[in-house]
Amino acid sequence: MAIVLAILKWIGIVLGGVLGMALLLGVLVVFVPVRYRLSGNNQDVLRYQFRVSWLCRLVSIVKKADSKEIWLRLLGIPVVRLAGDSPGTAGETSAGTQGTDREPVEERAGSKEPDSRQQSGKPGKNYGTGQAQTGKKKSVPGKKGTSGKKHKKRKKAFSFDILSGIINFVRDTENKRIFRKMRNELRLLLRYLAPRKVRGCFVIGTGDPSSTGLLIGGISLLPFAYQEGIEITPDFDDRVFAADGMIKGQIRVFYFIRLCIRLYRDKELRKLWNKIQKLKKEAA
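Residues numbered from 1 in each chain as written. Predicted model: local features only at pLDDT ≥ 70, side-chain atom pairs only at ≥ 80, totals over all residues. Heavy atoms only, no water.

Brief notes about the side chain of S39
Okay, so step 1: Along the chain, S39 turns up in strand 1 (residues 34-41).
Okay, so step 2: The contact partners of S39, leaving out residues within four places of it in the chain, are R47, Y48, Q49, G245 and M246. (Helix = DSSP H or I, 4+ residues; strand = E, 2+ residues; numbered from the N terminus. Contact = heavy atoms within 4.5 Å.)

Description of the confidence of the model for the protein chain
Okay, so step 1: Overall, the predicted model of the protein chain reaches an average pLDDT of 77, with 71% of residues at or above 70.
Okay, so step 2: No element of the protein chain has a lower mean pLDDT than helix 2 (residues 87-118), which averages 48, and none a higher one than strand 4 (residues 70-74), which averages 93.
Okay, so step 3: Across residues 99-153, confidence stays below pLDDT 50; counting only partners more than four residues off in sequence or on other chains, it has three contacts. (pLDDT = per-residue confidence, 0-100.)

Considerations on a nonpolar patch on the surface
Okay, so step 1: Together, M1, I3, V4, L5, I7, L8, I11 and L15 make up an exposed nonpolar region whose accessible area comes to about 850 Å².
Okay, so step 2: Using a relative accessible area of 46% as the deciding quantity, one classes I7 as partly exposed. (Patch = residues over 30% accessible without salt bridge, like charges linked within 9 Å, V, L, I, M, F, W, Y side chains within 5 Å. Areas by Shrake-Rupley, 256 points an atom, 1.4 Å probe, with all protein chains shown as cover. Salt bridge = Lys/Arg side-chain N within 4 Å of Asp/Glu carboxyl O. Buried < 20%, exposed > 50% of the residue type's maximum accessible area, 1.4 Å probe, protein only.)

Brief notes about the pairing of strand 8 (residues 239-251)
The side chains of a regular strand alternate, residue by residue, between the two faces of the sheet.
Okay, so step 1: Where strand 1 and strand 8 come together, eight bridges link them in antiparallel fashion. Within strand 8, the position partnered with G40 by the bridge is G245.
Okay, so step 2: Bridging between strand 6 (residues 197-206) and strand 8 involves ten bridges; their strand directions are antiparallel. Residue pairing for strand 8: T206 is matched across the bridge by R239. (Pairing = 2+ DSSP bridges.)

Brief notes about helix 4 (residues 173-193)
Okay, so step 1: For helix 4, which comprises 21 residues, the first-to-last C-alpha distance of 30 Å matches the rise-based estimate of 30 Å (1.5 Å per residue) to within 8%.
Okay, so step 2: For helix 4, every residue scored as buried is listed here: N175, I178, E185, L189 and Y192. Buried residues of helix 4, viewed axially, fall in a sector of 100°; they line one side. Away from the buried face of helix 4 by more than 90 degrees, exposed residues T173, R183, L190 and R191 are located. (Expected span 1.5 Å × (residues − 1). Arc of directions from axis to C-beta.)

Side note on the pairing of strand 1
Okay, so step 1: Here strand 1 pairs with strand 2 (residues 47-54) via eight bridges, running antiparallel. Residue pairing across strands places L38 opposite F50, the latter belonging to strand 2.
Okay, so step 2: Between strand 1 and strand 2, which pair antiparallel and follow one another directly, the connecting turn spans five residues.

A look at the packing of helix 4 against helix 6 (residues 253-264)
Okay, so step 1: Relative to each other, helix 4 and helix 6 sit at 175°, their axes nearing to 12 Å. The orientation of helix 4 with respect to helix 6, classified from their angle, is roughly antiparallel. For the pair helix 4 and helix 6, the contacting residues are E185, L188, L189, Y192 and L193 in the first and Y255, F256, L259, R262 and L263 in the second.
Okay, so step 2: A per-class count over the contact of helix 4 with helix 6 returns eight nonpolar, no polar and two charged. (Axes fitted to C-alpha atoms, helices over the stretch in contact; angles between N-to-C directions. Parallel < 35°, antiparallel > 145°, perpendicular 65-115°, else oblique. Nonpolar A, V, L, I, M, F, W, Y, C, P; charged D, E, K, R; others polar.)

A look at the pattern of salt bridges
One side chain can pair with another of opposite charge once the charged atoms of both are near each other.
Okay, so step 1: Tallied over the full model, the rule gives four salt bridges.
Okay, so step 2: Where R177 meets E268, a salt bridge forms, and the shortest distance between an N and an O atom there is 3.2 Å. Taken together, the positions of R177 in helix 4 and E268 in helix 7 (residues 267-283) put the pair 91 residues apart, joining distant regions of the chain.
Okay, so step 3: With its nearest N and O atoms 3.1 Å apart, the salt bridge here joins D266 to K181. On the criterion of sequence distance, the pair formed by D266 in the loop between helix 6 and helix 7 and K181 in helix 4 is long-range, its members being 85 residues apart.
Okay, so step 4: Members of the salt-bridge network, linked through shared partners, are R177, K181, D266 and E268.

Comments concerning the packing of helix 1 (residues 2-31) against helix 6
Okay, so step 1: Remark: helix 1 packs on helix 6, axes separated minimally by 5 Å, with the N-to-C direction vectors making an angle of 85°. Of the possible angle classes, the one that applies to helix 1 and helix 6 is roughly perpendicular. Touching V29, V30 and F31 of helix 1 are V253, F254 and I257, all from helix 6.
Okay, so step 2: Here the contact of helix 1 with helix 6 is composed, by residue class, of six nonpolar, no polar and no charged.

Looking at the sheet that holds strand 7 (residues 230-234)
Okay, so step 1: If you trace the eight strands from one edge of the open sheet to the other, you get 5-4-3-2-1-8-6-7, paired in mixed fashion. Where the open sheet ends on each side, the last strands, each with one partner, are strand 5 (77-83) and strand 7. Direction aside, the axes of adjacent strands within the sheet are offset by 15° on average.
Okay, so step 2: Lying on the sheet, helix 5 (residues 209-220) is in contact with strand 6 and strand 7; it crosses strand 6 at an angle near 160°.

Below is the structure:
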């Protein structure tokens, strides 16, 4: 009996440890932010690099500026290549494609010999077919006068009732309030997803002083142009676009979970969803 209790005790300890590790991992996934950083420039050639990391770079996805490879790293050690080919595979694939391209050419060259032998007769006649060319087309049973004609698809009849229902649905005061609430949620989501830090130097020129001035004036109307670390320089002589910048931010899974719960518990939003499904059924 003591042995059975000892075995059960160790099984409970192992299960408790596994459940505790799973709970800890879930809490880390929900509350620890995923950080991203992107930087690049296109002064001579477009070069960019990025890094998406989680839990103090325990897990990260990295691309360097001088390479096309994207690696999944654990503790800074490359584990899995997610995209990009190694330098050795490019030569092998090109050599393989050259070898495969030669085979069809040889086959075509060999296939021309029997054709030249068979065409020893007079041109315009087909020998060995076993069928006389009468110039008449065979009639296909079940089809009468449908050759060369395309069946026109029937268009659905336009319903003014559906259109008026959609207009009334949009103009409804209750629906307008829900649309306003959804617009606010979308604005908050975009603000949350926006990078925390932005640094960049931009040189913009269209080659024409007047159009360059109009473009810079339009950019100056955007709030993006007044962020700290953004420098925009117009070039009124040449046609150029040069950029050298960096963006940095973070995202938490907890925000999306809270957003989904908040939207699901909203009774007005669920009522709106039911109305939309009803309009779809009526339109179908």
